[in-house]
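# Chains, contacts and geometry: an overview
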Amino acid sequence: MSIEFDDVKRRQVLAVAGSLVAFSGCTGGASTRSPENDVGTTDECGSYQLCEGSEMLRVFVSSAFSGEVVLDARCRDEEFEIQPGEGKTLRRDVDAETCDVTLYVDGTEAYSDTIQDYESTTLRVNSSGDIDEETVEV
């Protein structure tokens, strides 16, 4: 009975690990590239780091929000204004890139953090201007 349970757990772990590899673009030693989804990733960026081309930050703004949202991405030396109903995605320019980001809602700092080389973060600005955060780590 223990063997069957261990096999089920092993399959669940492998399914989750496979999802993370597909989500991140790559992890060290794992080759998941195919011509149709190649975003310029490499297999040499490290076991616990996200590679070039992987998603670092994604920001969505509710179409019901009527204010101003500005993303300051210091790793790009650029600010991005995000309109209601739209989004902005930052992808890594190099393997294991990190980025200091600040999100302003109606001129007030609503979120500030450093996105690490092993993280991918999604921010959602809801209709009231509040921020929902979801971070995935490899």
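Residues numbered from 1 in each chain as written. Predicted model: local features only at pLDDT ≥ 70, side-chain atom pairs only at ≥ 80, totals over all residues. Heavy atoms only, no water.

### Structural notes on the nonpolar core
Ranked by internal contacts, the top residues of the largest apolar core, which has 19 residues, are Leu-57, Val-69, Leu-71, Leu-90, Val-101 and Leu-103. Contributions of two or more residues to this core are made by strand 1 (55–61), strand 2 (69–73), strand 3 (78–82), strand 5 (99–105), strand 6 (108–115) and strand 7 (119–125). Ignoring any residue separated from it by four or fewer positions in sequence, one finds Leu-57 in contact with Leu-71, Lys-88, Thr-89, Leu-90, Val-101, Ile-115, Thr-121 and Leu-123. (Core = buried A, V, L, I, M, F, W, Y, C linked by side-chain atoms within 4.5 Å. Buried < 20%, exposed > 50% of the residue type's maximum accessible area, 1.4 Å probe, protein only. Helix = DSSP H or I, 4+ residues; strand = E, 2+ residues; numbered from the N terminus. Contact = heavy atoms within 4.5 Å.)

### Quick word on the state of the cysteines
Scanning the model with the defined rule gives one disulfide in all. Here Cys-75 engages in a disulfide with Cys-99; their sulfurs sit 2.0 Å apart. Taking the sign of the torsion about the S-S bond as the criterion, the disulfide between Cys-75 and Cys-99, at about -80°, is left-handed. Residue Cys-75 is found in the loop between strand 2 and strand 3, and its partner Cys-99 is found in strand 5; the two are separated by 24 residues along the sequence. (Disulfide = S-S within 2.5 Å.)

### Considerations on the sheet that holds strand 6
If you trace the four strands from one edge of the open sheet to the other, you get 3-2-5-6, paired in antiparallel fashion. The open sheet is flanked by strand 3 and strand 6, the only strands paired with a single partner. Going from strand to strand, the sheet's axes swing by 20° on average, the running direction of each strand aside. Examined bridge by bridge, strand 2 and strand 5 share five bridges and lie antiparallel to one another. Bridge assignment links Leu-71 to a residue of strand 5, and that residue is Leu-103. (Pairing = 2+ DSSP bridges. Axes fitted to C-alpha atoms, helices over the stretch in contact; angles between N-to-C directions.)

### Observations regarding the pattern of salt bridges
Within the structure shown, the criterion is met by four salt bridges. As a salt-bridge pair, Arg-76 and Asp-93 come within 3.6 Å of each other at their nearest N and O atoms. Highlighted residues: Arg-76 in the loop between strand 2 and strand 3 and Asp-93 in the loop between strand 4 (87–91) and strand 5, separated in sequence by 17 residues. Residue class for Asp-93 comes out partly exposed when judged on its relative accessible area of 48%. (Salt bridge = Lys/Arg side-chain N within 4 Å of Asp/Glu carboxyl O.)

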